[in-house]
2 protein chains.
Amino acid sequence: MKKIFVGIDFGGTNVKIGLFDSDLKLLAKTSVETKADTGPESLIDRIGDATEKLLADNKLDRQAVQAVGMAAAGQFDLTAGIMISSPNMHSFKNVPLRKMLTDRIGKPAVIGNDANIACLGEFACGAGKDVEDMVFFTLGTGIGGGIVTNGTLVNGANDNAAELGHIIIYPDGRVCGCGQHGCAEAYASASSTAKRAAEAITAGAESSLESLLEEKSEITCKDVYEHLEAGDELAKKITDETAKVLALLCIDVLHGTDPQRIVFAGGMIAAGDILLDKIKEYFNKYIWSMKTETVEICFATLGEDAGLIGAAELARRSIVIPA
Amino acid sequence: MKKIFVGIDFGGTNVKIGLFDSDLKLLAKTSVETKADTGPESLIDRIGDATEKLLADNKLDRQAVQAVGMAAAGQFDLTAGIMISSPNMHSFKNVPLRKMLTDRIGKPAVIGNDANIACLGEFACGAGKDVEDMVFFTLGTGIGGGIVTNGTLVNGANDNAAELGHIIIYPDGRVCGCGQHGCAEAYASASSTAKRAAEAITAGAESSLESLLEEKSEITCKDVYEHLEAGDELAKKITDETAKVLALLCIDVLHGTDPQRIVFAGGMIAAGDILLDKIKEYFNKYIWSMKTETVEICFATLGEDAGLIGAAELARRSIVIPA
């Protein structure tokens, strides 16, 4: 009987559910609305229903399911299987998600932090599939992270490892949402990049983004990159600073766990080579001359399914599969 | 028969050799002069002789030796067992130390970087003996590091993990010996701390250290701490900056692998609580407010034998001991 692993990726709006085989090949997927305000019991119940329907629709045997993996934004106690809190689902406090999933689906469940699990997905079959040591950044509203050393995802003593966006780049610099000053996230997340551009325009900088800011009263990181491509000088300056901060972040994590590959993911990588090349340029400018570094800096390859695939990989890793 | 593990710690002047039992209890130790200019063959031969004599003198059976672990400053290819280069032993280039030790002593040998191995020693039976995740800093001429996650020492893709002194604290800041700008090491190693004090005095700062600098034409980190205790304002300012940099370094590594304990070692910890308390004060000032951190920041407990003990632990870990 073909073994099946279920991956579940909690988002603020939708929860994606995927069925995977032992080689992490996606067999089928679906989604349900998160509707976090209906509470955890309702959500887990709807996930259970949707998973059963997905299995039945695809003529897959429920008994073939080996384990269920789940990724979500939030703080976790992984040993206890508890979601302590979540930025997307404010009413979810100290929810025993692992037990609830295990009880509802009737198979062993495992849970994890979204950025960590997206890292695991890229490690298993994306940008990190051929290495043993990688560091992963996801550039969105914030900067999430993941660290794999010697083939193992690092969780840390308090299941809070790889909060890499909160490495301090400029002591006493910009205030971050976390309460620190000068975090990488306060400069180089998609949101912070857009915010820095808006602040500069408000402070009087000339830019082709100005009319857009007046019209919409806000600009996005996508706007910044579009105007960069069109040759806007402010967009270039803002992107330069983003790339410099990300390069310094790469140097800091390189001197930490010495990864073979550093992988960037998230909406912001749509900026493409113009961003990646700048990061590499600053990395080469600021890295030590004591030895030649061979670390590869690249973009993720799995797109929005990284979390779903990572959740399935988490499930697969939780089971000892006889050879 | 009692099992014996040999630990060897290479220093620039002396090589320490220790015999340990399965519980890492030191049975006997000795040392030989390094005399690096006589070359690796001569050194390994003298180490072999000294080890045999140490066993014989203590009526220990050579056959009881299970494995040999060795720590040294330098760049390594751990998979190949090769010392690529060493700052203390300039003539040692691409030396197959593991094979040479194995051949000479007739037992399996393992090698590792000195700061990493001192970290392993503190982890096995020092300041980290009751945790699973720790980060280690050694404050001397430079700042070395070590990372243990989930009970395992992190080596990295190029056996170059935990070069934590080269995490950049101030981009475009002071030049570091490594070629980067603004490394923690360029501010907060023992040497850099003394150097900053001397620079400030030369630039005209008032200090009770001034006459000492004129007299000896240099000052040490120990001098700075002595004058700090005596109430010198400049010594206070210099120590403050050292503590701030070390605190920022603690925050950065906390957001990396999320250790339960951060351990400082090296000559500089002789400064005592006056330094440790300042580091904690800055840590609490600069750490995020998003969640309460429980990481413990403390001093190492094994003193100068950390490397020797770590080398024996490395040997012990290389052997699967039947329960």
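In this text, all values refer to a predicted model and were calculated from it rather than measured experimentally. Position numbers for residues start from 1 in each chain and track the written sequence from start to end. A letter from A marks each chain and a number from 1 marks each ligand, given out in the order of writing. Whole-chain, interface and lining totals are the exception, using all residues; otherwise, since this is a predicted model, local features are given only for residues with pLDDT of at least 70 and side-chain atom pairs are given and counted only at 80 or more. Hydrogens and waters are ignored; side-chain quantities use all the structure's heavy atoms.

Visitor: Mind laying out the nonpolar core, listing which residues take part and the relevant values?
Guide: In this description, a nonpolar core means a group of buried Ala, Val, Leu, Ile, Met, Phe, Trp, Tyr and Cys residues linked to one another through side-chain atoms lying within 4.5 Å. Exposure classes here rest on a 1.4 Å probe applied to the protein chains alone. A residue is buried below 20% of its type maximum, exposed above 50%, and partly exposed in between. Counting residues in each nonpolar core, the largest one holds 123 residues, and the members touching the most others are Phe137(A), Phe264(A), Phe137(B) and Phe264(B). The contact partners of Phe264(A), leaving out residues within four places of it in the chain, are Phe137(A), Leu139(A), Leu246(A), Cys250(A), Ile269(A), Ile279(A), Ile297(A), Cys298(A), Phe299(A) and Ala300(A). Only heavy atoms enter the contact rule, under which two residues are in contact if any of them lie within 4.5 Å.

Visitor: Which residues make up the relation of the copies chain B and chain A, and what values go with them?
Guide: Here the copies were fitted onto each other by least squares, based on C-alpha atoms from residues at pLDDT of at least 70 in both. Expressed as a screw operation, the relation of chain B to chain A combines 0.0 Å of axial shift with a rotation of 180°, fitting to an RMSD of 0.0 Å. Read as a symmetry element, the transformation amounts to a two-fold axis. With an isologous cut-off of 70% or more, the 100% of interface residues of chain B that recur at the interface of chain A puts this contact in the isologous class.

Visitor: Hey, could you go over the sheet that holds strand S4 (residues 65–72) of chain A for me, with residue numbers and the actual values?
Guide: Residue and element names in this part refer to chain A. Pairing is mixed across the open sheet formed by 5 strands, whose spatial order is S3-S2-S1-S4-S7. Of all the strands in the sheet, the pair left with one neighbour each is strand S3 (26–33) and strand S7 (109–113). Put simply, the sheet's adjacent strands are angled 20° from each other on average, direction ignored. For two strands to count as paired, DSSP must find a minimum of two bridges between them. Put simply, DSSP marks the helices as runs of H or I at least four residues long and the strands as runs of E at least two long, and each gets a number from the N terminus on. Taken together, the 5 bridges between S4 and S7 define a ladder with parallel strand orientation. Bridged to Ala71 within S7 is Gly112. To get an axis, a line is fitted to the C-alpha atoms, and for a helix only the part in contact is used. The angle between two axes follows their N-to-C directions and goes from 0 to 180 degrees.

Visitor: Break down the pattern of salt bridges for me, citing the residues and quoting the values.
Guide: Residues and elements named next belong to chain A. Just to be clear on terms, a salt bridge is a Lys or Arg side-chain nitrogen sitting within 4 Å of an Asp or Glu carboxyl oxygen. The tally for this structure, following the rule as stated, stands at 38 salt bridges over all chains. Here Glu52 ties to Arg62 by a salt bridge, and the two come within 2.7 Å at their closest N and O atoms. Here Glu52 is found in helix H1 (residues 40–57), whereas its partner Arg62 is found in the loop between H1 and S4, with 10 residues between them in sequence. Of the charged contacts in the structure, one is a salt bridge between Glu313 and Arg316, with a shortest N-O distance of 2.8 Å. With Glu313 and Arg316 both in helix H10 (residues 306–317) and 3 residues apart, the pair spans about one turn of that helix. Judged by relative accessible area, which is 22%, Arg316 ranks as partly exposed.

Visitor: Talk me through the packing of helix H3 (residues 114–125) of chain A against H10(A); I want residue IDs and the actual numbers.
Guide: All names here are of chain A. Put simply, H3 and H10 touch, their axes get as near as 7 Å, and they point 80° apart. Our classification of the angle between H3 and H10 gives roughly perpendicular. Contacts between H3 and H10 involve Ile117, Ala118, Leu120, Gly121, Glu122, Phe123, Ala124 and Cys125 from the former and Ala306, Gly307, Ile309, Gly310, Ala311, Glu313, Leu314 and Arg317 from the latter. Residue composition of the contact of H3 with H10, grouped by class: 10 nonpolar, 3 polar and 3 charged. Throughout, the term roughly parallel applies to angles under 35 degrees, roughly antiparallel to angles over 145, roughly perpendicular to angles from 65 to 115, and oblique to all others. When residues are sorted by character, Ala, Val, Leu, Ile, Met, Phe, Trp, Tyr, Cys and Pro go into the nonpolar class, Asp, Glu, Lys and Arg into the charged class, and all the rest, Gly among them, into the polar class.

Visitor: An account of the environment of Gly145(A) is needed here, citing residue identities and associated values.
Guide: Residue and element names in this part refer to chain A. Within the fold, Gly145 resides in strand S9 (residues 143–149). Looking at Gly145, the relative accessible area reads 2%, which means it is buried. Through-space distance from the C-alpha of Gly145 to that of Met100 is 27 Å; in sequence the pair is 45 residues apart. In this view, Gly145 contacts Ala115, Asn116, Phe136, Ala162 and Leu164; residues no more than four positions away in its chain are not counted.

Visitor: Could you give me a rundown of the sheet that holds strand S1 (residues 4–10) of chain B, with the residues and numbers involved?
Guide: Residues and elements named next belong to chain B. Spatially, S3-S2-S1-S4-S7 is the arrangement adopted by the 5 strands of the open sheet, whose pairing is mixed. The open sheet terminates on both sides in strands that have one partner only, identified here as strand S3 (26–33) and strand S7 (109–113). Averaged over all adjacent pairs, the angle separating strand axes in this sheet is 20°, with direction ignored.

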